[in-house]
Structures are given as C-alpha cells and as structure tokens.
Amino acid sequence: MLKGKKILIGVTASIAAYKAIYLVRLFIKEGAEVQVVMTPNAKDFVTPLTLSALSNRPVLIEPFNPDDGEWNSHVDLGNWADIMIVAPASANTLAKMANGIADNLLLATFLAAKCPVFFAPAMDLDMYKHPATQNNVKKLIADGFNLIDSSAGELASGLVGQGRLQEPEIILQIIKEFFAKKNDLKGKNILITAGPTYENIDPVRFIGNYSSGLMGFSIAKEAVSRGGNVTLVSGPVNLNIDSVNRIDVVNADQMYNACLENYSKADIIIMAAAVADYTPINCENSKIKKYKSKLSIDLKPTVDILSKLGELKSDKQILVGFALETDNEIENAKSKLKKKNLDFIVLNSLKDKGAGFKYDTNKISIIDINDNIQNFELKSKKDVAVDIIDKLVEYINSH
Ligand code: CTP
C-alpha cells in the first residue's frame, strides 16, 4: 500500500530514537522509499549505520560531507518527500520547529518541506506537560502540521505518564490511513461556496453578516488535500488558499451566477456560504446623507442558491447544505434538507458555545436523507472539515 511512497523520517535526540529502527523497517516492508535525517545529537541514541542499513540509503546528518564537501540539500530533500515524519520529536526539536529555527539539516529540511509533516513527540512526563512544550505542540497543529500524540506508560526515567513515542505500528497505521484518504476525492469536481455576501445600500455601505469564511475554506482545503478539483466561490473574506479555482464575488446575485456557471460540471456541491436572504431593491448611486429624520431601506429576497441548485440537481450530483439555526434546530434542518433536495445537511446551532460565525471552532450535527443524525464534538473548523469530508466519502461509497 505504501509502494513507491517517499518518506522522510527525522530522528531526534530522545531515548525513543531506538524505535525509529522499527519504524524504518515497517515502512521499507510496506514498499516505501525511506530517507532518514538525524539531528547531530540523535546519533548518541541510535547509530546511523543501523538506520542506513535498514533504509538502504545513507543517513543524512550534516548539511555537507566534510570529507568531500558534497552538499546535502535540505530543499531537494523537502521536495523529494511525499511526507515527512519527525519521530521521535524531542522537546528541543519541537520548540525549534514551532519557531522556525533551522540550526541543523533536519530543521532546515522541515522549513523547506512542502509536503505534509507529521511529528511524534517523545520525552519525559514533566517535559511534555510543561506549558512551553504544550504551547509549541499547539502552535505546530495550528500551523497545519499533524500531531501523532505520545502515549501514556512507563517512561525511561521510571516515571509513569504521557510522553512515550507512539508505537511504530500505530504510526504506520496513521500514515497508511493518511495515504488512503489522500486520494479518496481524486477525479471529483467539487464546487464550494464560502463567506458572507455584501448587499450594497449605497457606494460605501452594505448589509452583511459576520461569516469569516473559515468553515468553507477549511472544507475546500480538506477536499484539495484528498485529491478533489475544487472551485471555491467566495464572498468577501480575508483568507488565502492554494490549489483551487477561486472565484471572488461580493453579493448574492454574483454568487448565484458563479454557481450556475460551475454547477453542471460539479460532482459535489457544498454550500457553506452565509448568503444574504435580502438585498436592497435600489442601491443608491450616491452616498446616503444623514439629513433625513427617518430612513428606511426596502429589501427584496435574494435567490436561494441552494434551492435553485437542488432543483437542477442530477442523480449523479451530491448536494450538501448548511443550516444555521437558533430554535427547533433539528426540525428546521430536516425541513431544509427535504425542501432544498439535499443529500445531507450540516447543522450548527447558535445555542452551542463556540459554534458559528465568530469562532475558529464549530460544533455540528450532520443529518442525511434517511434521517440519520450524527452529532460531533466542538472542534477546530479544520477538524470539522475533516468530519464533513469523511461523511461525504462514506456517502459516496454507500451509493
Ligand atoms: N443559502 C443559499 N442562498 C441563499 C440563502 C441560503 O444558497 N440566498 C444556503 C446557505 O449557503 C446554506 C443554506 O442555504 O447552505 C441554509 O442557509 P440558512 O441561512 O441556514 O437558511 P435559509 O435557507 O436562508 O433559511 P432561514 O434564513 O429562513 O433559516
């Protein structure tokens, strides 16, 4: 299953470095190509000879070979790898990774790597619990790197607690699942909407909402990372994204047109945008002055894009909507699911603390056409996106 996959294993100075031997062996047995990079101190814990014999490649430690001056390019290494796994990751290396310090080949390679990076901490209980280490771990996760958390048990110091390097078999399993997932949307065209819409009142004012776009962008990133071809129609947001066909729009009408243009070639449509339900009947050409004693603005409904797409939907297309509710959440979401002809709906309730527009977290339930309801914990929007795409893939596979 890992045949031909290029795996860069970074080994740092931790007692658990001996487990890197098993890890390299397991990956080689699975058919992967393994390149080991060690920190200079790691070779006090495990010999480069063993690791190079098992990986069939010289282990790299220094940026250049002092005997012949041959250069070990961290950039080439970073480009070569499909994934990088730092295992064991010592407290010292974690701290440097979290802060962009590059004082050895392993760290320079980490900074240059464009591939997904996994890190598996291993250290003594108190070092692991230390706020400095915990903050570094949190920072690395927030920066998009993947934690393979340590397990609890007896540590080299004799203490018992969390800090043991995760078992090599489990690390292998996590990486296999990663590669399996990586392609599960391969060949699928996915249309995603994100962010708010702004409905102009006059040249300087608009009716809008607090949507940051983070949920839709997180879904788009997850879909891309799993092989999907993503078209992202976004309202006004302050977010960046690579590797998608991004169409920026301002108002509901523009979002509708962009969706219509891209709808027919989409296999999957996920409407995460917070589209305005009403728009001013007239947008004033000049700025409205404040001399009026009373001002009212007449509004008309916008097109319900999701409903329109539900009407146009072919049997082969999958349509996913969102519902943001404050009352009778489940009932309202179920009725939107049916009314708008969706395959499933993602419900977030404003009653849940930490859910909705203003947070980086969300708490969702997913309701499908068979009335199955799946409730999820409060999570980062990045992790919520993983749950939504997992559900999507499960749905595709069961149809
Ligand atoms: N939506 C849309 N076009 C609109 C309004 C909403 O496509 N003009 C989509 C949203 O992207 C979301 C879903 O409809 O996927 C539900 O949005 P929500 O605001 O919860 O519900 P509404 O259908 O607008 O109903 P209401 O505001 O009455 O709850």
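Now for a quick tour of the structure.

What counts, and where the lines are drawn
Residues numbered from 1 in each chain as written. Predicted model: local features only at pLDDT ≥ 70, side-chain atom pairs only at ≥ 80, totals over all residues. Heavy atoms only, no water. Helix = DSSP H or I, 4+ residues; strand = E, 2+ residues; numbered from the N terminus. Expected span 1.5 Å × (residues − 1). Contact = heavy atoms within 4.5 Å. Polar contact = N/O pair within 3.5 Å; in protein donor to acceptor, adjacent residues only side chain to side chain. Patch = residues over 30% accessible without salt bridge, like charges linked within 9 Å, V, L, I, M, F, W, Y side chains within 5 Å. Areas by Shrake-Rupley, 256 points an atom, 1.4 Å probe, with all protein chains shown as cover. Salt bridge = Lys/Arg side-chain N within 4 Å of Asp/Glu carboxyl O. Core = buried A, V, L, I, M, F, W, Y, C linked by side-chain atoms within 4.5 Å. Buried < 20%, exposed > 50% of the residue type's maximum accessible area, 1.4 Å probe, protein only. Pairing = 2+ DSSP bridges. Axes fitted to C-alpha atoms, helices over the stretch in contact; angles between N-to-C directions. Left-handed = near helix turned anticlockwise from the far one by under 90°. Near = heavy atom within 4 Å. Nonpolar A, V, L, I, M, F, W, Y, C, P; charged D, E, K, R; others polar.

**Things to note about helix 10 (residues 252-263)**
- Taking 1.5 Å as the rise per residue, helix 10 with twelve residues should run 16 Å; its terminal C-alpha atoms sit 16 Å apart, in good agreement.
- Looking at the packing, one finds that the buried side of helix 10 touches strand 8 (189-194), strand 9 (199-202), strand 11 (229-234), strand 12 (245-248), strand 13 (268-271) and helix 11 (305-312).
- Backbone nitrogen of Asp-253 and a side-chain oxygen of the N-cap are separated by 3.3 Å at the start of helix 10; the cap is Asn-251.

**Focus on a nonpolar patch on the surface**
- Together, Ile-15, Tyr-18, Tyr-22 and Phe-45 make up a nonpolar patch on the protein surface, roughly 420 Å² of accessible area in all.
- With respect to the helices, strands and loops of the structure, Tyr-18 is situated in the loop between strand 1 (6-11) and helix 1 (19-29).

**Remarks on the nonpolar core**
- Core analysis: the biggest nonpolar cluster contains 33 residues, and Leu-185, Ile-192, Ile-219, Leu-232, Ile-270, Ile-388 and Leu-392 have the highest contact counts within it.
- Elements represented by at least two residues in this core include exactly strand 8, helix 9 (214-225), strand 11, strand 13, strand 16 (318-325), strand 17 (344-349), strand 19 (364-368) and helix 13 (381-397).
- Sequence-distant contacts of Ile-219, defined by excluding residues within four places in its chain, comprise Ile-192, Ile-270, Ala-272, Phe-322, Ala-385, Ile-388 and Ile-389.
- If you look at the next biggest cluster of nonpolar residues, it comprises 32 residues, including Ala-16, Ala-20, Ala-32 and Val-46.

**Regarding the sheet that holds strand 2 (residues 33-38)**
- Read across the sheet, five strands follow the order 2-1-3-4-5 without closing on themselves; strand pairing throughout is parallel. Strands with a single pairing partner mark the edges of an open sheet, and in this sheet they are strand 2 and strand 5 (146-147).
- As defined by bridge partners, strand 4 (residues 117-121) adjoins strand 5 across two bridges and the pair is classed as parallel. Within strand 5, the residue paired with Phe-119 across the bridge is Leu-147.
- Running at roughly 175° to strand 1, helix 1 makes contact with strand 1, strand 2 and strand 3 (83-89) of the sheet.

**Things to note about the packing of helix 4 (residues 91-99) against helix 5 (residues 105-112)**
- Helix 5 packs onto helix 4 with a crossing angle of 35° between their chain directions and a minimal axis gap of 10 Å. Of the two possible hands of crossing, helix 4 and helix 5 adopt the one that is right-handed. Contacts between helix 4 and helix 5 involve Thr-93, Lys-96 and Met-97 on the former and, on the latter, Leu-106, Leu-107 and Phe-110.

**Some points on the site of the ligand**
- Close to the ligand lie 16 residues, the nearest being Met-271, Ala-273, Phe-322, Lys-336 and Lys-340.
- Within the side chain of Thr-302, a nitrogen or oxygen atom sits 3.3 Å from a nitrogen atom of the ligand.
- Within the contact set of the ligand, a nitrogen atom lies 3.0 Å away from a backbone nitrogen or oxygen of Ile-305.
- Looking at the shell around the ligand, the elements with two or more residues in it are helix 11 and strand 16.
- Examining the composition of the shell around the ligand, we find that four residues originate from one element, strand 16, more than from any other.
- For the shell around the ligand, the per-class residue count stands at ten nonpolar, two polar and four charged.

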